[in-house]
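# Fold and contact review
These are the residues of each chain, in order.
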Amino acid sequence: MWLHILKKLFYVLLVVLTTTAVLYSVARLFPGDPITVLYGETTPSPDIRKLLEARLWLDKPIYAQLLLYWKRLFTGDWGVSIFSGEPVLTLILRRYINSLALALATTITTTALCVLLVYLSTVKGYDKIFTQLATVSTSMPAVLWGIVLMLVLALLKMPIPFGSIVMPLATLTIAGVGIFYTILKNLIEKAFSEPFIEMYRAVGMSRARLFIRALHYAMPVYVTAVLYRLGLIVAGAIATETLFSYPGMGKLLVDAFSSRDYPVLLGWSAMISSTLALLNIFGDLLHMYIDPRIREEK
Amino acid sequence: MNRKFLYLVILIIIAVLASYVSESFLTRRGASITITVPTTSTTVYLLSNPMQNATLRIALSTDISTIDIHYATGVADFEVLGNVYESLFRITYNGSKLAYIPWLVKEFKQLNDTAWLFVLRNGIMFQNGERLTAYDVKASLERSMRLSGIGKQLLTDAKGRPIISDIVIINDTAFIIMLREPFTPLIEHLAHLSTAIMPRDVALKYWNGPINSTQDVIGTGPFMLESYEKGSRAVLKRFDGYWGRKPAIQNLVYLILPDANARISAILSGSVDIATGVSPDMVNTLRAQGIEVYRVTGVRLVLVAINCLRIPDVRVRQALNYAINRSAIVKELMDGYAQVAMGIASPVFPDAAVLEPYNYNVSKARELIEEAGFAGKKLTLLVSTRSPKDVQLAQVVQQYLKAVGVDVEIVQMEHTAFLKRVFIDHDFDLAIYGPSPSSLYYALTYWRTNASLNGPQYSNPEVDVLLDRIAREVNESKRLELYRDVQEVIWRDAPAMWLYFEDVVVAARPSVKGLQILPFQKLVLDSMYIG
């Protein structure tokens with residue numbers, strides 16, 4: 001067990017090193033550097049350019065730059081943003097908490113809604129309406145739902161809370177509920193056809209209690225799917241964040257890349273790759289916890 | 001009541017809602033709505049602003065790229081930081097022409113050809129509580145010349161030497177700017193925010209690179225930068241020690257909303273008071289909803305740069321100019337919210353020349369191309385993906401050039417990569433961009449040999465000589481003549497397809513009073529208040 005976790009942690013480290021290396025190389029090979037961004041259509045005099053290059057390590061070969069960044073990552077000094085001067089660690093933590101809050105809140109609202117809707121459809125029999133609504137929900141990408149929500153608010157002359165979590169949360173919930181409703185409903189229906197449920201039914205268990213049993217049965221697969229989406233939102237719901245100017249990780253990545261803010265870019269990739277890898281491990285452990293069969297295998 | 005019926009009702013409601021939403025926002029309304037254009041010239045000057053504790057929220061289409069005024073390059077940079085910083089002179093606009101008026105300077109006098117005496121106003125305070133002195137001015141101007149890309153362009157001559165040889169301080173408030181050679185556009189250039197004044201210790205602290213702490217964003221302007229969250233918002237607070245007329249509003253919040261729909265929804269719903277970067281096709285919708293739309297002739301000249309090293313034949317470059325129907329582009333692409341380029345500098349600049357137009361003439365263009373043996377050539381057209389309008393324009397240009405026998409391949413690029421390709425590597429045939437100069441002379445220096453803004457690497461010794469002569473010519477009418485000559489030469493040499501001057505379109509809620517707009521898409525909040 002401990003060896004298993006240790007192995008996994010080593011794997012996290014490897015993931016972090018590779019992703020930072022890949023992202024940094026891509027950013028460096030992409031034409032234009034922070035000095036180009038800084039000067040826009042104008043150009044600095046050669047000696048000023050040299051000065052800035054030396055300060056940003058751009059005068060060294062890429063692998064040396066990467067080694068320097070790695071060294072910094074693991075000593076806890078993540079440097080400062082080239083443009084705002086804010087320490088990368090504070091910046092990233094603030095954005096990360098915003099994204100995490102959004103991801104968790106979305107997961108909770110989506111799951112609560114899904115369970116309620118699936119309960120209503122499988123136990124109470126409102127199947128058709130919800131299936132149609134689910135199709136409507138999945139028919140548009142999240143950002144389009146965001147625009148629709150925004151336009152509706154504008155029409156109703158209701159102030160749009162830009163920068164707050166409300167709008168992205170509503171958008172991602174609406175866009176996500178359709179797909180997770182479909183997943184959960186299929187899982188529950190499959191459970192209802194399983195012999196053990198038949199057995200419970202035969203002993204006279206109510207439909208509501210049967211639903212709880214089926215839900216337990218469906219959880220492992222559902223949780224895997226939900227965690228995957230949670231990871232995606234933490235990494236950045238780029239379009240939705242941009243639309244409502246919500247300061248999350250997605251907007252941070254886009255801005256860091258387009259302004260070639262390398263320290264922020266590196267910080268982003270280290271944070272996100274380790275989160276995704278840890279989430280993966282967490283998913284496995286959770287799986288073990290809720291599915292006794294896997295627990296016993298290990 | 002059966003379920004099918006309920007489901008049908010829900011679907012119908014959604015459909016109606018969707019069509020209403022899309023119709024009122026996404027389609028253009030007919031021209032039946034009467035339009036009143038509030039112009040910026042009709043500003044009621046109040047004796048004093050009603051001091052309000054209100055917050056003004058402004059939606060911007062792009063983020064600021066820096067917090068250092070000397071590194072400011074984009075429209076948003078000057079919009080936000082222009083509230084914090086001020087220059088020695090200031091650019092004003094009366095509705096038809098720009099003017100350059102003393103600002104931090106109380107009086108100034110030209111002592112001889114190369115020496116100008118300036119006296120600062122009394123009692124100007126920086127936002128850190130220190131008094132503005134001539135020492136701050138000296139350090140700021142020197143830093144601007146040293147670090148600022150635009151400052152360098154404004155204050156260096158053709159050979160790249162600084163035009164200012166020294167700044168001699170007489171006392172706390174008086175100083176003399178010593179020039180290497182006479183330089184007539186000096187005042188205009190000291191009005192640019194890239195030469196803004198900051199405290200001496202800040203200028204020296206960041207002598208070798210950009211300011212990287214919001215604590216050090218200190219100017220003499222009416223607002224202080226309180227916080228800045230990249231990609232999201234910048235918050236400014238009124239500076240109560242401001243020397244000039246204090247603004248009526250207490251807080252200024254800039255929201256960064258790159259999505260055009262978001263900006264429109266924001267202003268319609270009252271989430272913001274002012275929205276910049278309004279697309280012309282939304283104007284009627286906004287007005288129908290009671291939003292005021294301001295329109296000002298802009299300085300941004302949208303052009304297609306022609307790489308002069310790759311296309312050295314002037315006949316071809318002129319042919320490309322004849323191949324374009326500018327008025328059709330202005331009418332169709334810009335909904336009329338632009339002025340067809342009649343010269344290489346916006347008509348808002350004093351002394352901008354109106355030149356003989358390149359009338360749309362396909363046969364003439366074909367003839368010139370045949371004559372130059374350029375028929376059937378294939379060219380690449382670079383365009384930055386930052387502006388959707390530019391990408392549309394690229395497609396229109398492609399069609400026009402196809403009609404005269406020039407095949408164009410459009411290459412879309414991310415903005416920073418685009419800047420590098422065009423302004424550093426000069427690796428392109430054609431490229432779409434739009435310089436926004438602050439003075440006529442500055443607009444012309446773009447076309448000087450080896451100028452950093454000279455993307456197409458145009459070089460004509462005659463232009464360089466004329467620009468030098470303008471800088472030296474003290475006689476105003478002679479200078480005017482030279483200005484006309486140099487504009488004529490560049491216009492005829494056609495290092496670019498000159499297209500149009502984009503109008504600045506800003507939307508504001510009716511409660512916003514006394515708003516003024518400069519042709520640089522800069523809001524002037526001096527006499528603004530919430531009514």
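## A word on the overall build of chain B
Tallying secondary structure elements over chain B gives 16 helices and 23 strands in all. Computed over its C-alpha atoms, the radius of gyration of chain B comes to 25 Å, within 12% of the 24 Å expected for a compact globule of 531 residues. Expressed along its principal axes, the backbone C-alpha trace of chain B runs to roughly 90 × 65 × 40 Å. The 531 residues of chain B split such that 57% are buried. Across chain B, contacts joining residues at least 24 apart in sequence account for 72% of those joining residues at least 6 apart. By element, 52% of the accessible surface of chain B is carried by carbon and sulfur atoms, the whole surface being about 20400 Å². Side-chain charges of chain B comprise 54 positive and 52 negative groups, with the mean position of each set lying 4 Å from the other.

## Looking at the sheet that holds strand β4 (residues 105-112) of chain B
Residues and elements named next belong to chain B. What the four strands build is an open sheet, ordered β4-β5-β7-β6; its pairing is antiparallel. For this open sheet the edge positions go to β4 and β6 (164-169), each flanked by a neighbour on one side alone. Taken pair by pair, the neighbouring strands of this sheet meet at an average axis angle of 20°, ignoring direction. Taken together, the five bridges between strand β5 (residues 115-120) and strand β7 (residues 174-179) define a ladder with antiparallel strand orientation. Paired with A115 across the strands is M178, a residue of β7. Contacts from helix α3 (residues 134-147) reach β5, β6 and β7, with the element oriented near 165° to β6.

## Concerning the packing of aromatic side chains
All names here are of chain B. One pass over the full model with this rule turns up 26 aromatic pairs over all chains. Ring centres 5.4 Å apart and planes at 15° place the aromatic pair F118 and F175 in the stacked group. Pair noted here: F118 is in strand β5 and F175 is in strand β7, with a separation of 57 residues, a long-range link. The burial state of F118 is the same as that of F175; both residues are buried. Between Y442 and Y446, the aromatic rings sit 5.3 Å apart at their centres with planes inclined by 70°, giving edge-to-face as the arrangement. Here Y442 falls in the buried class, since its relative accessible area comes to 2%.

## So, the interface of chain A and chain B
Every contact between the two is made by 52 residues of chain A and, on the other side, 52 residues of chain B. One can count three salt bridges joining chain A with chain B. Between R260(A) and E414(B) there is a salt bridge; the shortest N-O distance is 2.9 Å. If you look at where chain A meets chain B, you find twelve residue pairs in polar contact (both at pLDDT 80 or more). Split by residue class, the side of chain A that touches chain B holds 26 nonpolar, 15 polar and eleven charged.

## Considering helix α8 (residues 166-192) of chain A
Its 27 residues place the ends of α8(A) 36 Å apart at the C-alpha level, agreeing with the 39 Å of an ideal helix rising 1.5 Å per residue. Most pronounced at V177(A), the bend in α8(A) amounts to some 35°.

## Overview of the confidence of the model for chain B
Residue and element names in this part refer to chain B. Averaged over every residue, the pLDDT of chain B is 89; residues scoring 70 or more account for 90%. Mean pLDDT across the elements of chain B ranges from a minimum in helix α1 (residues 3-26), with 50, to a maximum in helix α6 (residues 200-205), with 97. This stretch, residues 19-48, has a pLDDT under 50; its non-local contacts, to residues over four places away or in other chains, come to 48 contacts. Listed scores for the predicted complex are pTM 0.87 and ipTM 0.85.

## Looking at the sheet that holds strand β10 (residues 251-256) of chain B
Residue and element names in this part refer to chain B. If you trace the seven strands from one edge of the open sheet to the other, you get β8-β9-β10-β1-β11-β19-β12, paired in mixed fashion. The open sheet is flanked by β8 (223-229) and β12 (292-296), the only strands paired with a single partner. One ladder, built from five bridges, connects strand β9 (residues 233-238) with β10; its direction is antiparallel. Paired with R233 across the bridge in β10 is L255.

## Details of the pairing of β6(B)
Residue and element names in this part refer to chain B. Pairing of β6 with β7, which is carried by five bridges, proceeds in the antiparallel orientation. Pairing of I164 across the sheet is with L179, part of β7. What sits between the antiparallel neighbours β6 and β7 is a turn of four residues.

## Quick word on the packing of helix α10 (residues 207-236) of chain A against helix α13 (residues 262-290) of chain A
All names here are of chain A. Here α10 crosses α13 at 175°, and the two axes come no closer than 10 Å. Between α10 and α13, the crossing angle belongs to the class labelled roughly antiparallel. Residue-level contacts link H216, M219, P220, V223, T224, L227, L230, G231, V234 and A235 of α10 to W268, I272, T275, L276, L279, F282, G283, L286, H287 and I290 of α13. For the contact of α10 with α13, a count of residues per class yields 14 nonpolar, six polar and no charged.

## Examining the nonpolar core
Within soluble globular proteins, side chains that are nonpolar generally end up buried alongside one another. If you look at the biggest cluster of nonpolar residues, it comprises 167 residues, and the most contacted ones within it are L56(B), L88(B), F118(B), L401(B), W498(B), Y500(B) and L515(B). When sequence neighbours within four positions are dropped, the list of residues in contact with F118(B) reads F89(B), V105(B), E107(B), F108(B), T173(B), A174(B), F175(B), I177(B), L186(B), I187(B) and L190(B). Grouped together as the second largest cluster of nonpolar side chains are 52 residues, W57(A), L252(A), M271(A) and L147(B) included.

## Some details on the confidence of the model for chain A
Looking at chain A, pLDDT values average 89 and 99% of them are 70 or higher. Confidence scores differ between elements of chain A, with helix α14 (residues 292-297) of chain A showing the lowest mean pLDDT of 69 and helix α5 (residues 88-122) of chain A the highest of 93.

## Observations concerning the pattern of salt bridges
Inspection of every chain in the model, using the stated rule, returns 32 salt bridges over all chains. Residue R131(B) pairs with D172(B) through a salt bridge whose shortest N-O separation is 3.1 Å. Residue R131(B) is found in the loop between β5 and α3, and its partner D172(B) is found in the loop between β6 and β7; the two are separated by 41 residues along the sequence. By relative accessible area, R131(B) is classed as partly exposed at 37%. With a shortest N-O distance of 3.5 Å, R421(B) and D427(B) are connected by a salt bridge. Sharing partners across several salt bridges, the network here consists of E86(A), R94(A), R95(A) and E229(B).

## Considerations on helix α16 (residues 476-493) of chain B
Residues and elements named next belong to chain B. Here α16 is 18 residues long and its end C-alpha atoms lie 26 Å apart, about the 26 Å a rise of 1.5 Å per residue gives. Residues of α16 that are buried sit in contact with α9 (314-322), α14 (440-445), α15 (461-472) and β18 (496-502). Two or three places before S477, at the start of α16, stands the capping residue N475, its side-chain oxygen 3.0 Å from that residue's backbone nitrogen. Two residues or fewer past α16, A494 is found with a positive phi of approximately 50°.

Reading guide: rules and limits
Residues numbered from 1 in each chain as written. Chains lettered and ligands numbered in written order. Predicted model: local features only at pLDDT ≥ 70, side-chain atom pairs only at ≥ 80, totals over all residues. Heavy atoms only, no water. Helix = DSSP H or I, 4+ residues; strand = E, 2+ residues; numbered from the N terminus. Rg over C-alpha atoms; globule rule 2.2 N^0.38 Å. Buried < 20%, exposed > 50% of the residue type's maximum accessible area, 1.4 Å probe, protein only. Contact = heavy atoms within 4.5 Å. Areas by Shrake-Rupley, 256 points an atom, 1.4 Å probe, with all protein chains shown as cover. Lys, Arg positive; Asp, Glu negative; His and termini not counted. Charge placed at Lys NZ, Arg CZ, Asp CG, Glu CD. Pairing = 2+ DSSP bridges. Axes fitted to C-alpha atoms, helices over the stretch in contact; angles between N-to-C directions. Phe/Tyr/Trp six-rings, centres within 6.5 Å; stacked < 30°, edge-to-face > 60°. Salt bridge = Lys/Arg side-chain N within 4 Å of Asp/Glu carboxyl O. Polar contact = N/O pair within 3.5 Å; in protein donor to acceptor, adjacent residues only side chain to side chain. Nonpolar A, V, L, I, M, F, W, Y, C, P; charged D, E, K, R; others polar. Expected span 1.5 Å × (residues − 1). Bend = angle between axes of the 7 residues up to and from the residue. pLDDT = per-residue confidence, 0-100. Parallel < 35°, antiparallel > 145°, perpendicular 65-115°, else oblique. Core = buried A, V, L, I, M, F, W, Y, C linked by side-chain atoms within 4.5 Å.

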